[in-house]
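Here is what each chain is made of, one letter per residue.
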Amino acid sequence: MTNHIDVSSVLRGSVCEVYSDLVTRPTGAAVRTQIERQLAGISGRSLTVIDFSHVGLLDFSCADEVVAKLLLRYRDESPPHDLYFIFRGMSESHLDAIEAVLEHHGLALVIEVDDGATALLGKVDDGERRIWNALCQQRIGSTRALEELLGLPREEAERRIDRLCRLRLVMRLDDGYLAVGALV
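Here is a short report on the structure shown in this document. (Residues numbered from 1 in each chain as written. Predicted model: local features only at pLDDT ≥ 70, side-chain atom pairs only at ≥ 80, totals over all residues. Heavy atoms only, no water.)

### Comments concerning the nonpolar core
This is how the line gets drawn: The criterion is simple. A nonpolar core is a set of buried Ala, Val, Leu, Ile, Met, Phe, Trp, Tyr and Cys residues joined through side-chain atoms within 4.5 Å. When accessible area is computed with a 1.4 Å probe and restricted to protein chains, residues below 20% of their type maximum are described as buried, those above 50% as exposed, and intermediate ones as partly exposed. A run of DSSP states H or I qualifies as a helix once it reaches four residues; a run of E qualifies as a strand once it reaches two. Both are numbered from the N-terminal end. By definition in these notes, contact holds between two residues if any of their heavy atoms fall within 4.5 Å.
Counting residues in each nonpolar core, the largest one holds 62 residues, and the members touching the most others are F52 and F87. Residue contributions to this core peak at eight residues, all from helix α3 (residues 60-75). In contact with F52, not counting residues within four places along its chain, are V7, L22, L58, V66, V67, F87, R88, G89, M90 and H94.

### Describing the environment of D162
As a reminder, the rule being used: Any pair of N or O atoms that falls within 3.5 Å is considered a polar contact. Within protein, one atom must be able to donate a hydrogen and the other to accept it, and sequence-neighbouring residues count only if both atoms are side-chain atoms.
As for its position among the elements, D162 is in helix α7 (residues 154-166). Classification of D162 by relative accessible area gives partly exposed; the value is 34%. Here the side chain of D162 touches R172 through a polar contact of 3.0 Å, side chain to side chain.

### Considering helix α1 (residues 7-14)
The α-helix winds at 3.6 residues per turn, so residues separated by three or four positions along the chain end up facing the same way. Just so we agree on the cut-off: In this description, the arc belongs to the directions extending from the helix axis to the C-beta atoms.
Taken together, the buried positions of α1 are V7, S8, V10 and L11. Along the axis of α1, the buried residues cluster in a sector spanning 160°; they form a single face. Where the residues of α1 are buried, they touch β1 (2-6), α2 (25-40) and β2 (44-51).

### Digging into unusual backbone geometry
Phi angles above zero are rare outside glycine, and T24 is one such case at about 85°. By secondary structure assignment, the location of T24 is in the loop between α1 and α2. Given the relative accessible area of 37%, T24 is considered partly exposed.

### Considering the sheet that holds β2
Put simply, the rule is: At least two DSSP bridges between two strands are required for those strands to pair. Axis angles are defined between N-to-C directions and span 0 to 180 degrees, where every axis is a line fitted to C-alpha atoms and, for a helix, only to the segment in contact.
Spatially, β1-β2-β3-β4-β5 is the arrangement adopted by the five strands of the open sheet, whose pairing is mixed. Edge positions in the sheet fall to β1 and β5 (118-122), since each has one partner strand and no second. The sheet shows a mean angle of 35° between the axes of neighbouring strands, direction not considered. As paired elements, β1 and β2 share five bridges and run parallel to each other. Of the residues in β2, the one forming a bridge with I5 is I50. Together, β4 (108-112) and β5 form the strand contacts of helix α4 (residues 92-105), whose direction differs from that of β5 by roughly 60°.

### Overview of α2
Convention followed: One less than the residue count of a helix, multiplied by 1.5 Å, gives the span that helix is expected to have.
Taking 1.5 Å of rise per residue, 16 residues should cover 22 Å, and α2 covers 22 Å from first to last C-alpha, within 8% of that figure. Within α2, burial applies to T27, G28, V31, R32, I35, E36 and L39. All buried residues of α2 project into a common sector of 170° when viewed along the axis, lining one side. Facing away from the buried side of α2, by more than 90 degrees, are the exposed residues P26 and R37. Against the buried residues of α2 lie β1, α1, β2, α3 and β3 (81-88).

Put into structure tokens, the structure is as follows:
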């Protein structure tokens, strides 16, 4: 199941109908609270696209409230809230604030760029990024296949995959793993 949340609509509905800018921590907290209410109605495994396309400014405090706290809340969740996120419509100015809060909290997320491709943003090392990219290309992969493809020892591959799963960048399936970026 895929859900879509337009952050500017949430902003207008929760703070003020004329705002398109996410500034001040209380504004960010109000928007995140509304997003969490929408997510609370979802059960089972699902993907939610968080769309910033119509958001003007995004300051650091709102990036922390809306993006980092949202990711932190669902990072360690298990059913019934097995949620994964893709962030869309981020401008260069949005990315500056978001990268700073991701770095601060040791988080990462999947973004969809203008051409529809996906990329990782945030705190992942080169090995994790290589595994994620390989899973995006393969669609579903096993630890063994990743070991062989990337030449990684089994323990290292498992450790890196576990971290990617914990960050909700990769889904653990019965027969392997699926990168969230491959779902677009």
